[in-house]
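Descriptive structure summary
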Protein chains: 2
Amino acid sequence: MNMPPVTQYTIDEVSRDIGIGKDTLRVWERRYGFPVPGRGPQGERVYSRDQVKRLRIISRLLDRGYRPGKVVSLSDEQLQELALQQQLGQVNFDHPRVGQLLLSAQAGENAQVEPQLRSLYRELGPQRFVTEVAAPLLDMTGRAWAAGQLSIFVEHLVTDHLSRVLHDACHQIQPPEDGPRVLLTTMPGERHGMGLLMVELMLREGGARTVNLGVEMPVDELILACKSLQPEVVALSFSALQKRSLLMAALREISSKLPASVQILVGGEGVSRLRMLPGRVTVVRQLDAIAPVVAALHDRVRH
Amino acid sequence: MNMPPVTQYTIDEVSRDIGIGKDTLRVWERRYGFPVPGRGPQGERVYSRDQVKRLRIISRLLDRGYRPGKVVSLSDEQLQELALQQQLGQVNFDHPRVGQLLLSAQAGENAQVEPQLRSLYRELGPQRFVTEVAAPLLDMTGRAWAAGQLSIFVEHLVTDHLSRVLHDACHQIQPPEDGPRVLLTTMPGERHGMGLLMVELMLREGGARTVNLGVEMPVDELILACKSLQPEVVALSFSALQKRSLLMAALREISSKLPASVQILVGGEGVSRLRMLPGRVTVVRQLDAIAPVVAALHDRVRH
DNA sequence: TATACCAGTTTGTCCTAGACAAATGTAATT
DNA sequence: AATTACATTTGTCTAGGACAAACTGGTATA
């Protein structure tokens, strides 16, 4: 018979891979009739490869603003069509060479990617590199992956190359002794650190002395870090999938525990619709909106 | 009364912060009588700051090999005593300058760390840098953190600096055209990528053409990556806390799906006690055991 | 001395089905 | 066009039971 090993997934694996809670998977099954997994010998859910694929598509559609009730119970054809629609809106090559880059990464020409990125950086400088190359590249990578056009490993590779180039670029800029000190990090649960790197680069170029603490810093530890490093600003990045209430709670907690002199900067896709924030929280909705903020900081420190 | 804001935590926050599953927290409460949280208006568990602190201590002790039944229900005093014991055994500075490094990171002299690392690298070369600086530094950082002597943010910073230095070092080595191709990655759930970097550096020095896919690569994607990049070797890293059964299952699956010509290399603390592996899986228990493996590879490719 | 095997215990994760608040959508009103 | 009020959707929590995998410790074998 030579059965191909029908690879199967436990609820835990699916939940981690797709980024949807176990409870949510179970309640979708109850409510929308998908995904209904097979069962193992002790009654545990056993998901098929196809179900996982479908879940991945759904997850991306949710990121795009669709609601579970509308998409989870769709037929395969309807879902495909939706996914295709998303694909179409995506052939938007802000910078022609960014598209090229992605294509060559996809073709397995891995060694080409990083040199190309570096040459783009030299050509455009920090500001334009971030807004015209790094951000669109990330965006395109995400979309292409969601549409199933890109394998995960290519996404990993591209992300990795990009983060390395950004890292290096940051380090080549020597901020002035009197620049404002900025701490960068994300809250627990937010594992995307690329936004931080892009922001860090722009801040450095603006003369800030940045310290990137990496992702998922517990609030208490952030407070400790502030005590130790005495920054003028703390910058936080939130991606789209953060819950607003948790976000607000975290911001309030931080705000209440940080010395009053420390300003808080929040950015990322997750903050686009925030209102009613504590006074010293500044929201940065667009990457290029950082420049004026940095300038203001600089002034404030000088005087 | 000027109440200090009695910060309280939901089960979700606690679970993420400490890294213990929600189900586990609930079952500990049932079995060991700790942590018994307060309840919110709808009966949800509400954990106090002290409980979270205690959980953090417990979590460290578990990492050290203690079992929940022994430590979760201890009295505060007994727990403190245990924690103290752990602290004492740990002042073990393998390389004098490594200890120095950690101390200066702790003192907030963040800017010093990376230059020092780079100078150590220049002095020692790849092999010795990895075994005498990188590995001990990581180990010490982990221990110091477990003992509560090091804030998380310092650990993040040190890790970040180290990974950057390793990254750069890798990239400065140009492997020969005929070197064996090696793919490096970890399985889903394994988020520690530092081991990969150390291995990558040593492999590069040994003349291998490495491609680091980063962490948490689903098995299917690894197969795809192999089809696309055609490596002679796939190297996987496992840290201590991986479940053995999952590990074996993953290895078997990979082994069954990869072309027979591809060799599999596994390493990391998680593999120390493995036996009964598929034939082409080679276990590397020590970092310095890689060199001979690389040499063998090289020969194999040449002939 | 080391290793293999066996029974007993510990431990993490999964199960079901119900509940409810926060988020979102829709309609009516200013 | 912006508020307000009401209805629906949606994620996460709860309870206690169940069970396999992992570990412990003892015994027998190479």
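Notes on the structure follow. What you see is a predicted model; the values in this text were computed from it and never measured.

Another aspect to go through is the nonpolar core. Formed by 57 residues in total, the largest nonpolar core has its most connected members in A:Leu117, A:Phe129, A:Leu166, B:Leu183, B:Leu213, B:Leu222 and B:Leu236. Only helix 6 (96-106), helix 7 (110-146), helix 8 (152-172) and helix 9 (194-205) of chain A together with helix 10 (219-229), strand 6 (233-237), helix 11 (244-257) and strand 7 (263-267) of chain B provide two or more residues apiece to this core. Per-element accounting of this core gives the leading share, 13 residues, to helix 7 of chain A. Sequence-distant contacts of B:Leu236, that is, excluding residues within four places in its chain, are made with B:Thr185, B:Met187, B:Leu222, B:Leu251, B:Ile254, B:Ile264, B:Leu265, B:Val266 and B:Gly267. Of all hydrophobic cores here, the second largest spans 55 residues; its members include B:Ala105, B:Tyr121, B:Ala144 and B:Val165.

Close contacts around DNA strand D come from 23 residues, with A:Trp28, A:Arg31, B:Lys22, B:Arg26 and B:Arg45 the closest. Of all atoms in DNA strand D that approach within 4 Å of the protein, 69% are sugar or phosphate atoms. With respect to DNA strand D, the side chain of A:Arg31 contributes an N or O atom lying 2.7 Å from a base oxygen. Here a phosphate oxygen of DNA strand D and a side-chain polar atom of B:Lys22 are 2.6 Å apart. Elements with a minimum of two residues in the surface near DNA strand D: helix 2 (22-32) and helix 4 (68-71) of chain A together with helix 1 (11-18), helix 2 (22-32) and helix 11 of chain B. The leading source of residues in the surface near DNA strand D is helix 2 of chain A, at six residues. Classifying every residue of the surface near DNA strand D by side-chain character gives five nonpolar, five polar and 13 charged.

This paragraph deals with the interface of chain A and chain B. Taken together, the contact pairs 39 residues of chain A with 38 residues of chain B. Between chain A and chain B, a total of about 3500 Å² is buried, with carbon and sulfur atoms accounting for 54% of that surface. Taken together, chain A and chain B are joined by zero salt bridges. Remark: the boundary between chain A and chain B carries six residue pairs in polar contact (both at pLDDT 80 or more). At the level of secondary structure, the elements contributing two or more residues to the side of chain A that touches chain B comprise helix 1 (11-19), helix 7, helix 8, strand 5 (209-212), helix 10 (219-229) and helix 11 (244-257) of chain A. In terms of residue count, helix 8 of chain A provides more of the side of chain A that touches chain B than any other element does, nine residues in total. By residue class, the composition of the side of chain A that touches chain B is 15 nonpolar, 11 polar and 13 charged.

Another aspect to go through is the environment of B:Leu74. Residues and elements named next belong to chain B. Considering the arrangement of structural elements, one finds Leu74 in the loop between helix 4 (68-71) and helix 5 (76-88). For the pair formed by Leu74 and Ile58, sequence separation is 16 residues and the distance between their alpha carbons is 9.9 Å. When neighbours within four sequence positions are excluded, Leu74 is seen to be in contact with Arg54, Leu79 and Leu82.

Let's shift gears to the sheet that holds strand 4 (residues 181-185) of chain A. Residue and element names in this part refer to chain A. Pairing is parallel in the open sheet, where five strands are placed in the order 5-4-6-7-8. Of all the strands in the sheet, just strand 5 and strand 8 (281-284) have a single pairing partner and so form its edges. Between one strand axis and the next, the sheet turns through 25° on average, direction left out of account. Where strand 4 meets strand 5, four bridges bridge the pair, whose relative direction is parallel. By the bridge assignment, Leu183 is partnered in strand 5 with Val211. Across the sheet, helix 10 lies against strand 4, strand 5 and strand 6 (233-237), angled at about 160° from strand 4, the strand it touches most.

So, on to the relation of the copies chain A and chain B. Note on the copies: chain A fits chain B at an RMSD of 0.9 Å, the axial shift is 0.0 Å, and the rotation between them is 179°. Taken together, the rotation and translation describe the operation of a two-fold axis. Residues of chain A ranked by C-alpha distance from the rotation axis are headed by A:Arg164, positioned 4.0 Å from it. Looking at chain A, 95% of its interface residues are interface residues in chain B too, so the copies touch through the same face.

Residue and element names in this part refer to chain A. The topology assignment puts Leu222 in helix 10. On the accessibility criterion, Leu222 (0% relative accessible area) is buried. For the pair Leu222 and Thr186, spaced 36 residues apart in sequence, the C-alpha to C-alpha distance is 9.7 Å. In this view, Leu222 contacts Leu183, Thr185, Met187, Leu213, Met217, Val234, Leu236 and Ile254; residues no more than four positions away in its chain are not counted.

Looking now at the sheet that holds strand 3 (residues 45-48) of chain A. All names here are of chain A. Strands sit in the order 1-3-2 across an open sheet of three strands; the sheet is antiparallel. Only two strands of the sheet have a single neighbouring strand rather than two, namely strand 1 (8-9) and strand 2 (38-39). Relative to strand 3, strand 2 runs antiparallel, the two being bridged by two bridges. The residue of strand 3 that forms the bridge with Arg39 is Arg45. Most of the contacts of helix 3 (residues 49-63) go to strand 3, to which it runs at about 75°, and overall it touches strand 1 and strand 3.

A word on the packing of helix 1 of chain B against helix 3 (residues 49-63) of chain B. Residue and element names in this part refer to chain B. One can describe the packing of helix 1 onto helix 3 by two numbers: an axis separation of 10 Å at closest approach and a directional angle of 35°. In terms of crossing hand, the pair formed by helix 1 and helix 3 is right-handed. On helix 3, the residues that touch Val14, Asp17 and Ile18 of helix 1 are Val52, Leu55, Arg56 and Ser59.

With that settled, the discussion passes to the protein's contact with DNA strand C. Taken together, 24 residues form the shell around DNA strand C, and within it A:Lys22, A:Arg26, A:Arg45, A:Arg67 and B:Arg31 come nearest. For DNA strand C, the backbone makes up 70% of the atoms found within 4 Å of the protein, where backbone means sugar plus phosphate. Here A:Arg26 contributes a side-chain N or O atom positioned 2.4 Å from a phosphate oxygen of DNA strand C. Here a phosphate oxygen of DNA strand C sits 3.1 Å away from a polar atom, N or O, in the side chain of A:Arg39. Of all the secondary-structure elements, those providing two or more residues to the surface near DNA strand C are helix 1, helix 2 and helix 11 of chain A together with helix 2 and helix 4 of chain B. Taken together, the residues of the surface near DNA strand C break down into five nonpolar, five polar and 14 charged.

Definitions and cut-offs
- Residues numbered from 1 in each chain as written.
- Chains lettered and ligands numbered in written order.
- Predicted model: local features only at pLDDT ≥ 70, side-chain atom pairs only at ≥ 80, totals over all residues.
- Heavy atoms only, no water.
- Core = buried A, V, L, I, M, F, W, Y, C linked by side-chain atoms within 4.5 Å.
- Buried < 20%, exposed > 50% of the residue type's maximum accessible area, 1.4 Å probe, protein only.
- Helix = DSSP H or I, 4+ residues; strand = E, 2+ residues; numbered from the N terminus.
- Contact = heavy atoms within 4.5 Å.
- Near = heavy atom within 4 Å.
- Polar contact = N/O pair within 3.5 Å; in protein donor to acceptor, adjacent residues only side chain to side chain.
- Nonpolar A, V, L, I, M, F, W, Y, C, P; charged D, E, K, R; others polar.
- Buried area = accessible area lost by both parts, 1.4 Å probe.
- Salt bridge = Lys/Arg side-chain N within 4 Å of Asp/Glu carboxyl O.
- Pairing = 2+ DSSP bridges.
- Axes fitted to C-alpha atoms, helices over the stretch in contact; angles between N-to-C directions.
- Least-squares fit on C-alpha atoms with pLDDT ≥ 70 in both.
- Left-handed = near helix turned anticlockwise from the far one by under 90°.

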